[in-house]
Amino acid sequence: MAQTLSRVGSVEAQQRVWFVVLQPGSFAIYVVSALFIAYRHPFDLPFGGPEIAGGVGREYGGIERAIFVVARHALLGATVAIGVVVFFGGWLGPVLPAPLWFLLKAVLLMGAFTALPLVLPRLRLDQMLTVAWQGLLPVSLAHIGLVGLTAFPVAAFGRVPLRPLPGPPPAP
């Protein structure tokens, strides 16, 4: 799609259409993985709160607890920023300056990550592992295979939808 590993190139490749539209399966895998990594509900077993005997924050109070909370929110902010760059065109948008577009997209995605847990039940540890190993891993591997088959067709079919790689710069 972007044909580059550069984040700037990836964002520039999304000028016409965001990758979330072209790759909704990848975005769904990303959302589940991001919720898992950021210990967000329903995957917040370590930080379960008072209903699970206090979680890891039970032994801490005051500034130590505040550091845990800030670290969790920073982790969520980092995952949201990655999601905005990879799937929502980063800082590109009409009319507004680039930083405002990025901030607007990040706030909307952060709101979605905050609102999504309202409709999901909390999972036990065995259920979390089942989701990861029996659900997310096979689905992501199948998705990689499907994208590979559709993005890189065999040359015998005469259809190569990817644009050619740029050649060397012209001689002066």
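Provided above is the structure to which this section pertains.
So, how was this worked out
- Residues numbered from 1 in each chain as written.
- Predicted model: local features only at pLDDT ≥ 70, side-chain atom pairs only at ≥ 80, totals over all residues.
- Heavy atoms only, no water.
- Helix = DSSP H or I, 4+ residues; strand = E, 2+ residues; numbered from the N terminus.
- Buried < 20%, exposed > 50% of the residue type's maximum accessible area, 1.4 Å probe, protein only.
- Contact = heavy atoms within 4.5 Å.
- Areas by Shrake-Rupley, 256 points an atom, 1.4 Å probe, with all protein chains shown as cover.
- Axes fitted to C-alpha atoms, helices over the stretch in contact; angles between N-to-C directions.
- Parallel < 35°, antiparallel > 145°, perpendicular 65-115°, else oblique.
- Nonpolar A, V, L, I, M, F, W, Y, C, P; charged D, E, K, R; others polar.

Engineer: Teacher, can you tell me more about the overall build of the chain here?
Structural biologist: Secondary structure summary: the chain contains six helices and zero strands in total. In the chain, the succession of α and β elements from N to C terminus is α-α-α-α-α-α. The buried share of the chain, reckoned over its 172 residues, is 27%. Nonlocal contacts in the chain, meaning residues at least 24 apart in sequence, comprise 65% of its contacts between residues at least 6 apart. Surface summary for the chain: the accessible area is close to 11400 Å², and the carbon and sulfur share equals 73%.

Engineer: Please clarify how unusual backbone geometry should be interpreted in this entry.
Structural biologist: Note on backbone geometry: most residues besides glycine have negative phi, and most peptide bonds are trans. The residue Val95 is not glycine, and still its phi comes out positive at about 65 degrees. With respect to the helices, strands and loops of the structure, Val95 is situated in the loop between α4 (63-87) and α5 (98-115).

Engineer: Before we go on, may I ask you to explain the packing of helix α3 (residues 24-37) against α4 in this structure?
Structural biologist: Think of two packed helices as two axes; the pair is described by the angle between the axes and how far apart they sit. Two elements in contact, α3 and α4, have axes separated by 10 Å at closest approach and are oriented at 170 degrees. By the angle between their axes, α3 is roughly antiparallel relative to α4. When α3 is examined against α4, the residues Ser26, Phe27, Tyr30, Ala34 and Ile37 are found in contact with a partner set consisting of Leu75, Thr79, Val80, Ile82, Gly83 and Phe87. For the contact of α3 with α4, the per-class residue count stands at eight nonpolar, three polar and no charged.

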